[in-house]
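Here is what each chain is made of, one letter per residue.
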Amino acid sequence: MIKAERLQPGDVIGICAPCWGLTREGIAGCIQGLETLGFRVKFAGNCFADTDGYAGTVEERAGDFNELVYDPDVKLVLHGGGEVGNEILPYVDYEHIRTHPKLFCSYSDGTSIVEAIYNRTGLVTFYGATLRTFSGINEYNRKAFLRRLTTLDTRYEKAGAWQVIHPGCAEGELSGGYLVNYAAMQGLPWFELDRSRRYLLFIEDHERFSSPAVVSKWFSNLEHRGVFDCAAGLIFGHYSLEPQPQIDRILARLGERYHIPVVRCEDFGHGTYNAVFPIGIRARLDTDENCFQLLEAGVI
């Protein structure tokens with residue numbers, strides 16, 4: 001495992017758009033939020049390109065990503081979600097990342113990128129905070145981001161009560177992200193779980209993207225790929241504002257079938273709260289003690 005140095009006041013955060021096109025107006029609030037937190041911002045050269053109509057070309061986006069990878073002044077590469085992040089995976093310079101570690105953070109479609117980097121390099125990456133997190137940032141998201149990326153503090157703060165779907169206690173390596181991306185990348189050349197390890201999965205989806213039937217389909221994909229054979233537990237993030245008994249039944253089925261603890265929370269996902277999970281770090285979930293804890297920091 002490799003860890004990058006923690007962020008410090010005045011550090012440069014590099015912004016790129018590997019998953020979807022950006023506009024200066026659209027991320028003005030994000031930039032203001034990051035600067036208010038004490039960081040400087042640098043844009044990759046094609047950050048605002050829309051050559052393909054929805055984003056820059058693969059070459060422009062991959063070039064931008066590697067531009068930030070190579071830039072010694074950039075301490076954190078931050079980007080949002082979208083649809084096409086997987087297109088740059090063959091072109092990322094994983095070897096340079098391995099030998100020159102820095103911080104990478106995203107969510108949603110960015111799952112493909114941050115999981116591939118950890119899988120190919122051993123560098124701890126981060127899931128949960130995205131560009132929109134910093135526009136009018138709320139107190140929970142501010143504390144979650146700063147605690148995970150600027151300190152060695154391993155405490156985890158919940159945004160609210162966690163619902164126990166299936167009880168139990170588990171310890172494992174954190175792995176996960178947005179359900180559709182996480183399921184779709186299984187078995188690709190840039191991602192392969194080590195079947196000798198146990199993983200504590202953190203998965204999220206949202207009702208505006210996936211109906212309960214679609215959620216069930218993608219979880220079945222993970223089952224077919226053998227992911228739950230090495231799963232120690234499952235944390236499911238924000239799905240909707242209203243109760244979703246169908247989702248709870250899907251989650252309960254997984255807990256019962258694989259004899260693992262399963263919980264549902266509002267802490268992360270496409271909702272109000274953006275907890276940050278360090279991918280690759282070991283964590284512990286105990287539903288009897290109502291406890292979730294990281295067993296080490298994700299930065300040095």
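Residues numbered from 1 in each chain as written. Predicted model: local features only at pLDDT ≥ 70, side-chain atom pairs only at ≥ 80, totals over all residues. Heavy atoms only, no water.

**Points about the sheet that holds strand 7 (residues 169–178)**
Part 1: One open sheet accounts for 7 strands, arranged 6-10-9-8-7-12-13; its pairing is mixed. The open sheet has two edge strands with one neighbour each: strand 6 (163–166) and strand 13 (291–294). Across the sheet, the mean angle separating the axes of adjacent strands is 35° when strand polarity is ignored.
Part 2: The pairing of strand 12 (residues 282–286) with strand 13 spans 4 bridges and is classified as antiparallel. Following the sheet pairing, Ala 283 is matched in strand 13 by Leu 294. (Pairing = 2+ DSSP bridges. Helix = DSSP H or I, 4+ residues; strand = E, 2+ residues; numbered from the N terminus. Axes fitted to C-alpha atoms, helices over the stretch in contact; angles between N-to-C directions.)

**Quick look at the packing of aromatic side chains**
Part 1: Scanning the entire structure with this criterion turns up 22 aromatic pairs.
Part 2: When the ring of Tyr 127 is compared with that of Phe 202, the centres are 5.7 Å apart and the planes differ by 50°; the resulting orientation is tilted. A residue pair is termed long-range when its members are at least 10 positions apart, and Tyr 127 in strand 5 (residues 125–127) and Phe 202 in strand 8 (residues 199–204) qualify at 75 residues. Each member of the pair Tyr 127 and Phe 202 is classed as buried.
Part 3: With centroids separated by 5.3 Å and ring planes inclined at 25°, the aromatic side chains of Phe 228 and Tyr 258 adopt a geometry described as stacked. Of the two residues, Phe 228 is situated in the loop between helix 7 (212–224) and strand 9 (231–238) and Tyr 258 in helix 8 (residues 245–258); the sequence distance between them amounts to 30 residues.
Part 4: Since its relative accessible area comes to 2%, Phe 228 is described here as buried.
Part 5: An aromatic cluster of at least three residues, connected via ring pairs, comprises Tyr 107, Tyr 127, Tyr 156, Trp 162, Phe 202, Phe 268, Phe 277 and Phe 292.
Part 6: Note that Arg 24 overlies the ring of Phe 43, its terminal NZ or CZ placed 5.7 Å from the centroid.
Part 7: Over the ring of Trp 162 we find Lys 158; its NZ or CZ atom is 4.6 Å from the centre of that ring. (Phe/Tyr/Trp six-rings, centres within 6.5 Å; stacked < 30°, edge-to-face > 60°. Buried < 20%, exposed > 50% of the residue type's maximum accessible area, 1.4 Å probe, protein only. Lys NZ or Arg CZ within 6 Å of the ring centre and 35° of its normal.)

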